Amino acid sequence: MIGIIIGTNRHNSLSRKVGIYYQNLLKTLDQESQIIDLSELPHDFAFSALYHNSGKNETFNTFQKIVDETKKFVFIVPEYNGSFPGVLKTFFDGLRYPDSFNNKKAALVGISAGVLGNAVGLGHLNDILSYMGTDVLGLRMKLGNMKAHFNGEDFTFDVYRNFLEKQAKALASF
């Protein structure tokens, strides 16, 4: 099972649409997957599930259970203010440390309206995942200029489509 983490809490986000595309791609490779959409986090989880409240928010605990049971992940990460959304970092902070992502595997997909495809945000995310003991696949997708290359369901740019397929295959065998 591969967990597809939608790295924003924005409802009906472009990240979710890319996550669904990735999930369909994994299906063609006979890989089971589950979308982990941060828009479904409890609205108050930063206060009700972290620090002295760790383990006390039952809804957040379901996210912890999914992370515990999943060994591979793909992160679909939009660019927010030159990095990744704060909700993703807060999500990590709410999970049990140090074992939630330790000895697990991850692939990174950055998306942005700009040309760099959230390259800086993926670097930040890679540092955090490395600190948490996660093995990160070397092929990181930096999908820029998304408005021109993604129609909400499919990539209109063959280069992106081909590299995503290559990454998904690599993640499957990683």
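A brief report on the enclosed structure follows.

What counts and what doesn't
Going along each chain's sequence as written, the residues are numbered from 1 onward. For a predicted model such as this one, the threshold for reporting local features is a pLDDT of at least 70, and the threshold for listing and counting side-chain atom pairs is 80 or more; totals across whole chains, interfaces and linings nevertheless cover every residue. Side-chain descriptors were evaluated using all non-hydrogen atoms of the structure, hydrogens and water having been removed beforehand. Patches were defined on residues exceeding 30% relative accessible area and lacking a salt bridge, with like-charge contacts within 9 Å and nonpolar side-chain contacts (Val, Leu, Ile, Met, Phe, Trp, Tyr) within 5 Å. Shrake-Rupley sampling with a 1.4 Å probe provides the accessible areas, and residues are treated as covered by the protein chains on show and by no other component. Each reported salt bridge corresponds to a side-chain nitrogen of Lys or Arg within 4 Å of a carboxyl oxygen of Asp or Glu. Going along the chain from the N terminus, every DSSP run of H or I of four or more residues is numbered as a helix, and every run of E of two or more is numbered as a strand. Classification of residues uses two cut-offs on accessible area relative to the type maximum, computed with a 1.4 Å probe and protein chains only: under 20% is buried, over 50% is exposed, and between them is partly exposed. How far a helix is expected to stretch is found by multiplying one less than its residue total by 1.5 Å. The arc in question is formed by the directions pointing from the helix axis toward the C-beta atoms. Note on definitions: a residue-residue contact is assigned when non-hydrogen atoms from the two residues lie within 4.5 Å. Each Phe, Tyr or Trp ring, with Trp reduced to its six-membered ring, pairs with another whose centre is within 6.5 Å; inter-plane angles below 30 degrees give stacked pairs, above 60 give edge-to-face pairs, and intermediate values give tilted ones. A fitted line through C-alpha atoms represents every axis, and for helices the fit uses only the stretch in contact; the resulting angles, taken between N-to-C directions, go from 0 to 180 degrees. Small angles under 35 degrees read as roughly parallel and large ones over 145 as roughly antiparallel, with 65 to 115 read as roughly perpendicular and the rest as oblique. Under the scheme applied, nonpolar residues are Ala, Val, Leu, Ile, Met, Phe, Trp, Tyr, Cys and Pro; charged residues are Asp, Glu, Lys and Arg; polar residues are all the others, including Gly.

## A short note on a nonpolar patch on the surface
At step 1: Among the surface-exposed residues, F157, V159 and F163 lie close enough to one another that they form a single nonpolar patch of about 220 Å² accessible area.
At step 2: Summarising the element assignment, V159 is placed in helix 7 (residues 158-173).
At step 3: What makes V159 partly exposed here is its relative accessible area of 38%.

## Looking at helix 3 (residues 58-69)
Residues spaced three or four apart along an α-helix point in a common direction, a consequence of the helix completing one turn every 3.6 residues.
At step 1: In a regular helix each residue adds 1.5 Å, so 12 residues correspond to 16 Å; helix 3 covers 17 Å between its end C-alpha atoms and thus fits that length.
At step 2: Buried residues of helix 3: F60, F63, Q64 and V67, and no others. Mapping the buried residues of helix 3 onto a view down its axis gives an arc of 100°, with all of them on the same face. Along helix 3, exposed side chains directed more than 90 degrees from the buried face belong to E58 and E69.
At step 3: Considering only its buried residues, helix 3 is in contact with strand 2 (33-37), helix 2 (45-48), strand 3 (72-78) and helix 4 (86-94).

## As for the packing of aromatic side chains
At step 1: Overall, the coordinates contain 16 aromatic pairs when judged by the stated rule.
At step 2: Ring centres of F60 and F63 lie 6.4 Å apart, and the angle between their planes is 25°; this geometry places the pair in the stacked category. Taken as a pair, F60 and F63 lie in helix 3 at a separation of three residues, close to a single helical turn. No difference in accessibility class separates F60 from F63, as the two residues are buried.
At step 3: Put simply, the rings of F45, F60, F63, F73, F75, F91, F92 and F101 pair up and form one aromatic cluster.

## Some details on unusual backbone geometry
At step 1: Residue P98 follows Y97 across a cis peptide bond; omega there is 15°.
At step 2: Tracing the backbone through its elements, the reader meets P98 in the loop between helix 4 and strand 4 (105-111).
At step 3: The residue N81 is not glycine, and still its phi comes out positive at about 50°.
At step 4: If you trace the backbone, N81 turns up in the loop between strand 3 and helix 4.
At step 5: Positioned with a positive phi, N118 is a non-glycine residue whose angle comes to about 60°.
At step 6: Of note, N118 is situated in the loop between strand 4 and helix 5 (119-131).
At step 7: On the accessibility criterion, N118 (1% relative accessible area) is buried.

## Considerations on the packing of helix 4 against helix 5
At step 1: One can describe the packing of helix 4 onto helix 5 by two numbers: an axis separation of 12 Å at closest approach and a directional angle of 5°. The angle between helix 4 and helix 5 falls in the class roughly parallel. The residues of helix 5 that touch helix 4, namely those facing L88, K89 and F92, are L125, I128 and L129.
At step 2: Here the contact of helix 4 with helix 5 is built from residues that sort into five nonpolar, no polar and one charged.

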